[in-house]
Amino acid sequence: QKEVEQDPGPLSVPEGAIVSLNCTYSNSAFQYFMWYRQYSRKGPELLMYTYSSGNKEDGRFTAQVDKSSKYISLFIRDSQPSDSATYLCAMIHNDMRFGAGTRLTVKP
Amino acid sequence: GAGVSQSPSNKVTEKGKDVELRCDPISGHTALYWYRQSLGQGLEFLIYFQGNSAPDKSGLPSDRFSAERTGGSVSTLTIQRTQQEDSAVYLCASSLGQFNQPQHFGDGTRLSIL
């Protein structure tokens, strides 16, 4: 079993839809959780950074952490074609672990 | 402000040649990381530096791979006697510290071995 599991998709939604991206993990010691967005031929770009359980909102993006279930989510409201990218979850204990990434396409 | 800078952005070379990839981290970031990303795959950790020291070299795939960092800033990843399976995107990231700080990535070097 991988330490961080992320459905690779691909995920395709119409413009304006609410997108839910998820990761599960096995190590309960993870305390810091991140979401990165990676456009084609670019490096991952930090989107959200949260500590422990709870929600964090930034514009159309909401990151949710449920440590009891070892489950994290990223919600994108009113999705736009410019949101089309690969989204990677990441988490930190003594070092950083990444999910494999979910490829999202938002169709106009 | 300046982000993480990597050069070259693309590199095509023949099998058996040596290649050197460069990473210029964000100013003031003490930790620096190298990853490899193959087509459609996740990030494979290679090595990290805290200052000029590399406490963890466990991710280097073989002894053909080496890395160094000088002056607590620029780092180079060297691959000797390249093989076709070395073809990938090599990403560099930096962070303020290690344990609880997010990493900021460059756009990578796309390496193709013919």
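A brief report on the enclosed structure follows. All figures in this text were calculated on a predicted structure; none of them were measured in a lab.

Let's shift gears to the pattern of salt bridges. Residues and elements named next belong to chain A. Inspection of the entire model under this criterion finds 8 salt bridges over all chains. When the shortest N-O distance is used, the salt bridge between E3 and R97 registers 2.8 Å. Placement of E3 in the segment before β1 (4–6) and of R97 in strand β10 (residues 96–98) is noted, with a sequence separation of 94 residues between them. Exposure remark for R97: the relative accessible area of 32% places this residue in the partly exposed category. Among the ionic pairs, D83 bridges to R60, the shortest N-O distance being 2.9 Å. Separated by 23 residues along the polypeptide, D83 in the loop between β8 (71–76) and β9 (85–92) and R60 in the loop between β6 (54–58) and β7 (61–66) bring together distant segments of the chain. Of the residues examined, D83 reaches a relative accessible area of 1% and is grouped as buried.

The next thing to look at is the sheet that holds β7(A). All names here are of chain A. On the basis of which strands lie adjacent, the open sheet formed by 5 strands has the order β1-β3-β8-β7-β6 and antiparallel pairing. Edge positions in the sheet fall to β1 and β6, since each of these pairs with one other strand and no more. The sheet shows a mean angle of 15 degrees between the axes of neighbouring strands, taken without regard to direction. Bridging between β7 and β8 involves 6 bridges; their strand directions are antiparallel. Bridge pairing in β8 links Q64 to S73.

Attention shifts here to the nonpolar core. Side chains that are nonpolar tend, in soluble globular proteins, to be buried together. One finds A:W35, A:I72, A:L74, A:Y87 and A:M91 to be the most contacted residues of the largest nonpolar core, which totals 24 residues. Listing elements by their share of this core, those giving two or more residues are β3 (19–25), β4 (32–38), β5 (45–51), β7, β8, β9 and β11 (102–107) of chain A. Setting aside residues up to four positions removed in sequence, A:M91 forms contacts with A:V4, A:Y25, A:F30, A:Y32, A:F33, A:M34, A:I72, A:M96 and A:R97. Grouped together as the second largest cluster of nonpolar side chains are 18 residues, B:V4, B:L46, B:L77 and B:C92 included.

All names here are of chain A. Within the structure shown, the criterion is met by 2 disulfides over all chains. For C23, the disulfide goes to C89, at an S-S distance of 2.0 Å. Here C23 and C89 share a disulfide; its torsion about the S-S bond, -100 degrees, makes the bridge left-handed. Taken together, the residues C23 in strand β3 and C89 in strand β9 connect sequence positions 66 residues apart.

Rules used in this analysis
Residues numbered from 1 in each chain as written. Chains lettered and ligands numbered in written order. Predicted model: local features only at pLDDT ≥ 70, side-chain atom pairs only at ≥ 80, totals over all residues. Heavy atoms only, no water. Salt bridge = Lys/Arg side-chain N within 4 Å of Asp/Glu carboxyl O. Helix = DSSP H or I, 4+ residues; strand = E, 2+ residues; numbered from the N terminus. Buried < 20%, exposed > 50% of the residue type's maximum accessible area, 1.4 Å probe, protein only. Pairing = 2+ DSSP bridges. Axes fitted to C-alpha atoms, helices over the stretch in contact; angles between N-to-C directions. Core = buried A, V, L, I, M, F, W, Y, C linked by side-chain atoms within 4.5 Å. Contact = heavy atoms within 4.5 Å. Disulfide = S-S within 2.5 Å.

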